[in-house]
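# Descriptive analysis of the structure
Chain residues, written in single-letter form:
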Number of protein chains: 2
Amino acid sequence: MTSHTTLEGLGSFVHEEIPTAEIDRLEEIHGPLVAAVRDLVDVTIRTRVDDAEVRRVTAAVKELTDRLGHDAMEGPAGVHYNSEGRSWNWGNAAVGMRNPVAPPLKVSHDDDGVTRGVASLGTPYEGPPGLVHGGASALLLDHLMGETASMRHSQVTFTGTLTMRYLAPLPLGEVRLEGRIERQSGRKVFVTAEISGPAGRAIEADGVFIVPRWAVRDGAGPA
Amino acid sequence: MTSHTTLEGLGSFVHEEIPTAEIDRLEEIHGPLVAAVRDLVDVTIRTRVDDAEVRRVTAAVKELTDRLGHDAMEGPAGVHYNSEGRSWNWGNAAVGMRNPVAPPLKVSHDDDGVTRGVASLGTPYEGPPGLVHGGASALLLDHLMGETASMRHSQVTFTGTLTMRYLAPLPLGEVRLEGRIERQSGRKVFVTAEISGPAGRAIEADGVFIVPRWAVRDGAGPA
């Protein structure tokens, strides 16, 4: 019931005919598990229990991994879509709703042409003491800008170049992102973005995203 | 037994007089727990067990979080050091050895002046299907370049600007990084770096790192 489209240099986008309602239901079931694993990640950094308890909990975690691993999918999650236009990329490092490593970033494509993102960055995203790791900000900016360039997934783009200017420290906690297409010229999409904390803008970024040749309709430029 | 140094716009670097041997011992005890949580994260993305089992495992994960959370440290892990010159930043998003979100990146400062890094990027670091998320690469490059600029932690630097050029897709799996100081001019350190997979270079980067005024000895430039 699945078909695979393999693109040059890429893994596969999988067309899988699971109804949207069933995807929504699966996300509801798995959401609490992913949230629970995120909390476990956080406390793994902060725990002060004694050595014997660390060893006992380690054994218990392994047992749970074995239980979940029974008949698990092989390899990474990939990107899936059904014919209703619903897609799911559960393993994505920035937005994957089943990936405890993803903060996750929540993205909205707003009617004013601005792509907005929000994420809560706690203990696991620390760089300098008490501050968001500059690279964690870069991860979120890269993702938001890619989504901005794709215009609600109406065109395929790849990151060409990305420049970030670090303006101010960004404390751990809630962060907000905004991205905009400045202009598009042939297969190049020029995007600007920023990430902000409670005290305002912390990093501003601009990037050039490329529409691959194979994705250009009629060979004359993106539609 | 601890003293806190708070720098402008930063949380605290904590001087904590724990002997290096005890820090090493704690890392040995906690290493297997962190590895086990990383495996749990991975299988959380890939599992196909039924709804009832997802709910049971969710409850069991919460119970383990409660056990580890008993008397846990408040807030993020910060950066600690003792008077023997050993430092530990267990929560760091790129290299934190107690942070299951960190791949972790292993960094070495080699005698040829090159800073090298290696990391194994599995399922949780996916962007396009089967490929490393461009932002996950950016996180590792940012971190390695900051470590390069700091010259084995002999000077404090902050990221000023960072530019990345995406040359080729980077498959999930082992990645290698290299960073070099190209030149230093006053308080600016110019660093170049790259990240590579089995097929060679995937992203090249250059950045300007800034030595803050308060860290400049005699006000005349970094020593």
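For the structure, see preceding data.
What you see is a predicted model; the values in this text were computed from it and never measured. (Residues numbered from 1 in each chain as written. Chains lettered and ligands numbered in written order. Predicted model: local features only at pLDDT ≥ 70, side-chain atom pairs only at ≥ 80, totals over all residues. Heavy atoms only, no water.)

## Focus on helix 2 (residues 51-69) of chain A
When the terminal C-alpha atoms of helix 2 of chain A are compared, their 27 Å separation across 19 residues agrees well with the 27 Å that a helix rising 1.5 Å per residue should span. For helix 2 of chain A, every residue scored as buried is listed here: E53, V54, V57, T58, A60, V61, L64, T65 and L68 of chain A. In this structure, the buried residues of helix 2 of chain A make contact with helix 1 (20-46) of chain A together with helix 1 (20-46) and helix 2 (51-69) of chain B. Backbone geometry just after helix 2 of chain A places D71 of chain A at a positive phi near 65°. (Helix = DSSP H or I, 4+ residues; strand = E, 2+ residues; numbered from the N terminus. Expected span 1.5 Å × (residues − 1). Buried < 20%, exposed > 50% of the residue type's maximum accessible area, 1.4 Å probe, protein only. Contact = heavy atoms within 4.5 Å.)

## Digging into the interface of chain B and chain A
Taken together, the 82 residues of chain B in the interface contact 83 residues of chain A. For the pair chain B and chain A, the summed buried area comes to about 7500 Å², and 65% of that belongs to carbon and sulfur atoms. Applying the counting criterion to the chain B and chain A interface returns six salt bridges. The salt bridge involving E53 of chain A is made with R67 of chain B; its shortest N-O contact spans 2.9 Å. Summed over the shared surface of chain B and chain A, the result is 35 residue pairs in polar contact (both at pLDDT 80 or more). A breakdown of the residues in the side of chain B that touches chain A according to their chemical character gives 41 nonpolar, 26 polar and 15 charged. As paired strands, strand 7 (residues 158-166) of chain A and strand 7 (residues 158-166) of chain B are joined by five bridges and run antiparallel to one another. What sits directly across from L162 of chain A, in strand 7 of chain B, is M164 of chain B. (Buried area = accessible area lost by both parts, 1.4 Å probe. Salt bridge = Lys/Arg side-chain N within 4 Å of Asp/Glu carboxyl O. Polar contact = N/O pair within 3.5 Å; in protein donor to acceptor, adjacent residues only side chain to side chain. Nonpolar A, V, L, I, M, F, W, Y, C, P; charged D, E, K, R; others polar. Pairing = 2+ DSSP bridges.)

## Regarding the pairing of strand 10 (residues 200-210) of chain A
Residue and element names in this part refer to chain A. Alignment of strand 7 against strand 10, held across eight bridges, turns out to be antiparallel. Across the sheet, the residue bridging to T163 is D206, located in strand 10. Looking at chain direction, strand 9 (residues 188-197) and strand 10 are connected through ten bridges and run antiparallel. When the sheet's bridge partners are listed, G197 is paired in strand 10 with G200.

## Points about the pattern of salt bridges
Residues and elements named next belong to chain A. In total, this model carries 34 salt bridges over all chains according to the counting rule given. Across the pair E178 and R116 runs a salt bridge, and its minimum N-O distance is 3.7 Å. Of this pair, E178 sits in strand 8 (residues 173-185) while R116 sits in strand 6 (residues 115-121), and the two are 62 residues apart along the sequence. On the basis of relative accessibility, which here comes to 24%, the residue E178 falls in the partly exposed class. Owing to a relative accessible area of 26%, R116 belongs among the partly exposed residues under this scheme. The salt bridge partner of R201 is E204, with a shortest N-O separation of 2.8 Å. One network of salt bridges, in which partners are shared, links D110, D112, R116, E178 and R180.

## Considering unusual backbone geometry
Residue and element names in this part refer to chain A. Going from P103 to P104, the amide bond is cis rather than trans, its omega being -10°. In this fold, P104 is placed in the loop between strand 4 (87-88) and strand 5 (106-109). Although it is not a glycine, D71 sits at a positive phi angle of roughly 65°. For D71, the position within the fold is in the loop between helix 2 and strand 3 (79-81).

## Brief notes about the relation of the copies chain B and chain A
Each of the two copies of the chain can be brought onto the other by a rotation about an axis and a shift along it. If you rotate chain B by 180° and push it 0.0 Å along the axis, it lands on chain A with an RMSD of 0.0 Å. Here the transformation between the copies is reduced to the relation of a two-fold axis. Closest to the rotation axis within chain B is the C-alpha of T163 of chain B, separated from it by 2.1 Å. A shared interface surface links the copies, since 100% of the contact residues of chain B are contact residues in chain A too. (Least-squares fit on C-alpha atoms with pLDDT ≥ 70 in both.)

## Notes on the pairing of strand 6 of chain A
All names here are of chain A. Here strand 6 shows a clear split, with T115, G117, A119 and L121 buried on one side and none of R116, V118 and S120 buried on the other. Connecting strand 5 to the next strand, strand 6, in antiparallel fashion are five residues, including G113 with a positive phi near 85°. For strand 6 and strand 8, the ladder comprises seven bridges, and the chain directions are antiparallel. Along strand 8, the bridge assignment pairs A119 with V175.

## Some details on the packing of aromatic side chains
All names here are of chain A. Tallying each qualifying case throughout the model produces two aromatic pairs over all chains. With a centroid separation of 6.2 Å and 40° between ring planes, the pair formed by W88 and W90 is classed as tilted. The same class applies to W88 as to W90, namely buried. Its guanidinium or amino end placed over the ring of F190, R183 lies 4.0 Å from that ring's centre, counting from NZ or CZ. (Phe/Tyr/Trp six-rings, centres within 6.5 Å; stacked < 30°, edge-to-face > 60°. Lys NZ or Arg CZ within 6 Å of the ring centre and 35° of its normal.)

## What to know about the sheet that holds strand 9 (residues 188-197) of chain B
Ordered by their spatial adjacency, twelve strands build an open sheet running 5(A)-6(A)-8(A)-9(A)-10(A)-7(A)-7(B)-10(B)-9(B)-8(B)-6(B)-5(B), and the pairing between neighbours is antiparallel. Among the strands making up the open sheet, the edge pair consists of strand 5 of chain A together with strand 5 (106-109) of chain B. Strand-to-strand twist of the sheet, defined as the mean angle between neighbouring strand axes without regard to direction, takes the value 20°. The strands touched by helix 3 (residues 134-149) of chain A within the sheet are strand 5, strand 6, strand 7, strand 8, strand 9 and strand 10 of chain A together with strand 7 of chain B, with strand 9 of chain A carrying the most contacts at an inclination of about 135°. Running over the sheet, helix 3 (residues 134-149) of chain B touches strand 7 of chain A together with strand 5, strand 6 (115-121), strand 7, strand 8 (173-185), strand 9 and strand 10 (200-210) of chain B and is turned about 135° from strand 9 of chain B. (Axes fitted to C-alpha atoms, helices over the stretch in contact; angles between N-to-C directions.)

## A word on the packing of helix 2 of chain A against helix 2 of chain B
Viewed as axis vectors pointing N to C, helix 2 of chain A and helix 2 of chain B meet at an angle of 165°, and their least axial separation amounts to 11 Å. Between helix 2 of chain A and helix 2 of chain B, the angle falls in the class roughly antiparallel. The two elements helix 2 of chain A and helix 2 of chain B meet at a crossing, and its hand is left-handed. Of the residues in helix 2 of chain B, those in contact with E53, R56, V57, A60, V61, L64, R67 and L68 of chain A of helix 2 of chain A are E53, R56, V57, A60, V61, L64, R67 and L68 of chain B. (Parallel < 35°, antiparallel > 145°, perpendicular 65-115°, else oblique. Left-handed = near helix turned anticlockwise from the far one by under 90°.)

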